[in-house]
Amino acid sequence: AVRGVIIASIYAPNGNPQPGPKFDYKLAWLARLRRHATTLRRSGAPVVLLPRQKMHSDTRVPNVDAMLRNHIPLALGTGSCAITNDGDVLGEAAALYARFPQRDAGVFVSMATSGGATALGYDEHLGTLDVGKSPGILHIDFDTRIDSNPERFVLKERQRPRALLAPQKVPKAF
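Nothing here was measured: the structure is a model prediction, and the numbers come from that model.

**Q** Report on the overall build of the chain, specifying residues and quantitative values.
**A** Check the secondary structure of the chain and you find seven helices and four strands. Scanning the chain from its N terminus toward the C terminus, one meets helices and strands in the order α-β-α-α-β-α-α-α-β-α-β. Counting only C-alpha atoms, the chain reaches 60 × 35 × 30 Å along its principal axes. Buried residues in the chain amount to 30% of all 174 residues. Counting every atom, the chain has about 11,600 Å² of accessible surface; 55% of that belongs to carbon and sulfur.

**Q** Now, about the environment of Gln53: what can you tell me, with residues and values included?
**A** Examined against the element boundaries, Gln53 turns out to sit in helix 2 (residues 51–57). Judged by its relative accessible area of 25%, Gln53 falls in the partly exposed class. In the structure, Gln53 is positioned 39 residues away from Asn14 in sequence and 21 Å away in space, judged by C-alpha atoms. Each residue touching Gln53, except ones within four places of it in the same chain, is listed here: Gly79, Ser80 and Ile83.

**Q** Which residues make up the nonpolar core, and what values do they have?
**A** If you look at the biggest cluster of nonpolar residues, it comprises 22 residues, and the most contacted ones within it are Leu49, Leu96, Phe108 and Leu155. Within the residue set of this core, elements represented by two or more residues are helix 3 (64–69), strand 2 (74–76), helix 4 (89–99), helix 5 (105–112) and helix 7 (150–156). Those residues within four positions of Phe108 in sequence are excluded, and the remaining contacts are Val64, Leu76, Ala93, Leu96, Tyr97, Phe100, Arg103 and Leu155.

**Q** Before we move on, can you summarise the side chain of Asn149 with the specific residues and values?
**A** The residue Asn149 is located in the loop between strand 3 (137–140) and helix 7 in this model. Only 3.0 Å separates the side chain of Asn149 from the backbone nitrogen of Glu151, close enough to count as a polar contact. At 2.8 Å, the side chain of Asn149 forms a polar contact with the backbone nitrogen of Arg152. If we skip the residues at most four places from it in the chain, Asn149 touches Asp104 and Phe142.

**Q** Residue-level account of a nonpolar patch on the surface, with values.
**A** Taken together, Leu129, Ile137 and Leu165 make up a surface patch of nonpolar side chains, about 310 Å² in accessible area. Locating Leu165 in the fold gives a position in strand 4 (residues 162–166).

**Q** Can you break down helix 1 (residues 21–43) residue by residue, with the values?
**A** For helix 1, with 23 residues, the first-to-last C-alpha span of 33 Å sits near the 33 Å given by 1.5 Å per residue. Gly44 sits one or two residues past helix 1 and shows a positive phi near 80°.

**Q** Pulling in residues and values, what's your account of the pattern of salt bridges?
**A** Taken as a whole and judged by the stated rule, the model has four salt bridges. A salt bridge links Asp86 to Arg52, with the shortest nitrogen-to-oxygen separation between them at 2.8 Å. Remark: Arg52 occurs in helix 2 and Asp86 occurs in the loop between strand 2 and helix 4; sequence separation between them is 34 residues. By relative accessible area, which is 16% here, Arg52 ends up buried. The residue Lys133 makes a salt bridge to Asp130 at a minimum N-O spacing of 3.7 Å. One continuous salt-bridge network, built from bridges that share partners, spans Arg52, Asp86 and Glu92.

**Q** Lay out unusual backbone geometry in plain terms, naming residues and giving numbers.
**A** Across the junction of Asn16 and Pro17, the peptide omega takes the value -5°, indicating a cis bond. Backbone torsion omega between Gln18 and Pro19 reads -5°, so that peptide bond is classified as cis. Looking at where Pro19 falls in the secondary structure, it is placed in the segment before helix 1. The backbone of His71 shows a phi angle near 60°, a positive value even though the residue is not glycine. Inspection of the secondary structure puts His71 in the loop between helix 3 and strand 2.

Criteria and cut-off values
Residues numbered from 1 in each chain as written. Predicted model: local features only at pLDDT ≥ 70, side-chain atom pairs only at ≥ 80, totals over all residues. Heavy atoms only, no water. Helix = DSSP H or I, 4+ residues; strand = E, 2+ residues; numbered from the N terminus. Buried < 20%, exposed > 50% of the residue type's maximum accessible area, 1.4 Å probe, protein only. Areas by Shrake-Rupley, 256 points an atom, 1.4 Å probe, with all protein chains shown as cover. Contact = heavy atoms within 4.5 Å. Core = buried A, V, L, I, M, F, W, Y, C linked by side-chain atoms within 4.5 Å. Polar contact = N/O pair within 3.5 Å; in protein donor to acceptor, adjacent residues only side chain to side chain. Patch = residues over 30% accessible without salt bridge, like charges linked within 9 Å, V, L, I, M, F, W, Y side chains within 5 Å. Salt bridge = Lys/Arg side-chain N within 4 Å of Asp/Glu carboxyl O. Expected span 1.5 Å × (residues − 1).

Written as structure tokens, this is what we have:
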């Protein structure tokens, strides 16, 4: 853990050829991973997803529906600059929304804003517009003729001009 944040990147053993000792090793490895994942899930620790990083190397994305059903706190981060060089956490939200269009767009915007603040332990200072907080404020021209849902608009109209009205004030402990 780094400052209380658990960091994991998973690359499962190949397991070929099967049957054989490498395949047996893979099955045992996956069983240990399931047990460890269950422990982490029960801990209530937030999960930070990097969907565009994942989609670059694999067409699958994490099962967001299952995580939300299991009340796992979710946040979004940005991946390698070699893959997603924009550092745009709303781009990550848009990528997930494109894969889970049945979900309300606000779920993904929350993962990018308040979810990230909570995952980093800064939810008292950042992530939402509340008295006493200092989140960054981004202005995006909104046209109600295009979409009446602001969260969906933000995720679908990413190419629209944006202006940072107020930079976030990150607590000194960061």
